[in-house]
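Structural characterization, general
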Amino acid sequence: MSLLKRLPGVFFEPRPTFEGIAARPVWIDALVVVLLALIAFNLVVAPLVQRDQLSLLKDNAALRERMGEDSYAKMIERTEHPSAAGRIVQTFVITPLYYLIAILLQSLFLLVLGRFMSTQGAYVQVLAALVHASFIDKLLGNAVRLVLGLTRGSLMQTSTGLALLFPNLEVTSTAYIVLAQFDLFQIWMFGVLAFGLAAIFKVTLKKALVLSYALWFLKALVNIGMGLIGTAFLR
């Protein structure tokens, strides 16, 4: 199955598409598409991210007092005027590398969990299914977030999760961080991933859904923990 058939198939015909991916686990071309989409997204939203960071750091008396005037002023200067080399490394190296490491580890986690249900399945099959499922979040999801972010002039204030229903919540609040994990595109992504896991491990769709959303739950816990650590730095 060609990439041009797999890409729309993930959205509109997930069962036969993921059954085909399980039978012939190609993934490099799909990974290239996802990485290019991530790079393009980060290039466009870079000014929004910079603006959001400055809004959190500027006039933060507690942070200034904790860091000291000199260190605080240098941090603001670096945020206002980031180096071109730093931007290039962040966009073209760190972001793609972070995604690649994350998806490799997530695939391993799914394989280990899958072994408790079945002796079927291989790592490359799980990796291929997860990369293709990422089309939903990294292509369509980020496209929606981009439109919302450009419309509002802020990426930090943009959510495609339950946090969207509570516009008055502070983005640094624990409630916002937790609600943001219930993201429409993430939930959709892990839902269709279950079709692939069912075909890979030769288990029922119900068991595959449990396996898929176990990974979503773990990711949510990690994101909540990282979010709380990040906001603690600002207080």
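First things first, this report covers the structure right here in the doc. (Residues numbered from 1 in each chain as written. Predicted model: local features only at pLDDT ≥ 70, side-chain atom pairs only at ≥ 80, totals over all residues. Heavy atoms only, no water.)

1. Quick word on the nonpolar core
Grouped burial of nonpolar side chains is what soluble globular proteins tend to show. Basically, it comes down to this: Take the buried Ala, Val, Leu, Ile, Met, Phe, Trp, Tyr and Cys residues and link them wherever side-chain atoms come within 4.5 Å; each set so joined is a nonpolar core. A simple rule labels every residue: compare its accessible area, found with a 1.4 Å probe on the protein chains alone, to the largest value its type can have, and call it buried under 20%, exposed over 50%, or partly exposed in between. Only runs of H or I of at least four residues qualify as helices and only runs of E of at least two qualify as strands under DSSP, and these elements are numbered from the N terminus. Here a residue-residue contact requires only that any non-hydrogen atoms of the pair lie within 4.5 Å.
Formed by 40 residues in total, the largest nonpolar core has its most connected members in F18, L110, L193, L197 and F201. Breaking this core down by element, the ones donating at least two residues are helix 1 (3-12), helix 2 (14-23), helix 3 (28-57), helix 6 (84-115), helix 7 (123-152), helix 9 (184-201) and helix 10 (205-234). When residues of this core are assigned to their parent elements, the largest contribution, twelve residues, is made by helix 9. Once residues within four sequence positions are removed from consideration, L197 is found in contact with L110, V126, K202, V203, A208, L211 and S212. By size, the runner-up hydrophobic cluster in this structure holds six residues, among which are L63, Y72, M75 and I76.

2. A look at helix 9
To keep it simple, the criterion reads: To estimate how far a helix should reach, multiply one less than its number of residues by 1.5 Å. Polar contacts, as used here, are pairs of N or O atoms within 3.5 Å; protein pairs need one atom able to donate a hydrogen and one able to accept it. Residues neighboring in sequence count only if both atoms are side-chain atoms.
End to end, helix 9 covers 26 Å across 18 residues, agreeing with the expected 26 Å (1.5 Å per residue, within 8%). Summarising burial for helix 9: 15 of the 18 residues are buried, a large majority. Of the residues flanking the start of helix 9, the one acting as N-cap is D183, its side-chain oxygen 2.9 Å from the backbone nitrogen of F185. Among the residues trailing helix 9, K202 stands out with phi positive, at a value near 55°.

3. Some remarks on unusual backbone geometry
With a phi angle near 55°, K202 is a residue other than glycine that sits in the positive phi range. Inspection of the secondary structure assignment puts K202 in the loop between helix 9 and helix 10.

4. A word on the pattern of salt bridges
Where side chains of opposite charge bring their charged atoms close, a pairing between them can arise. Definition in use: Salt bridges, as used here, are contacts in which a Lys or Arg side-chain nitrogen is within 4 Å of a carboxyl oxygen on Asp or Glu.
Following the criterion strictly, the structure yields four salt bridges and no others. Two residues, R6 and D29, come together in a salt bridge whose shortest N-O distance is 2.6 Å. Taken together, the residues span a long stretch of sequence, with R6 in helix 1 and D29 in helix 3 at a distance of 23 residues. Salt-bridge contacts for D137 lead to K138; the nearest nitrogen and oxygen are separated by 3.1 Å. Like K138, D137 is buried. In the salt-bridge network here, residues are joined through shared partners; they are D137, K138, R145 and D183.

5. Structural notes on the packing of aromatic side chains
Stated formally: Any two of the Phe, Tyr and Trp rings considered here, Trp counted by its six-membered ring, make a pair once their centres fall within 6.5 Å; the pair's planes then place it as stacked at under 30 degrees, edge-to-face at over 60, or tilted in between.
Overall, the coordinates contain five aromatic pairs when judged by the stated rule. Centroid distance F11 to W188: 5.8 Å. Interplanar angle 80°. Geometry classified as edge-to-face. Here the residue F11 occupies a position in helix 1, and W188 occupies one in helix 9, the gap between them amounting to 177 residues. Judged by its relative accessible area of 18%, F11 is buried. Accessibility expressed as a relative area gives 31% for W188, which makes it partly exposed.

6. Notes on the packing of helix 1 against helix 7
As a reminder, the rule being used: What counts as an axis is a line fitted to C-alpha atoms, over the stretch in contact for a helix, and the angles between N-to-C directions run from 0 to 180 degrees. Angular relationships are summarised with four words: roughly parallel below 35 degrees, roughly antiparallel beyond 145, roughly perpendicular across 65 to 115, and oblique for the angles in between. Basically, the charged four are Asp, Glu, Lys and Arg, the nonpolar ten are Ala, Val, Leu, Ile, Met, Phe, Trp, Tyr, Cys and Pro, and anything else, Gly included, counts as polar.
With their axes 9 Å apart at the nearest point, helix 1 and helix 7 run at an angle of 75° to one another. One way to sum up the angle between helix 1 and helix 7 is to call them roughly perpendicular. For the pair helix 1 and helix 7, contact is made by L3, R6, L7, V10 and F11 and by H132, F135, I136, L139 and L140, respectively. The class makeup of the residues in the contact of helix 1 with helix 7 is eight nonpolar, one polar and one charged.

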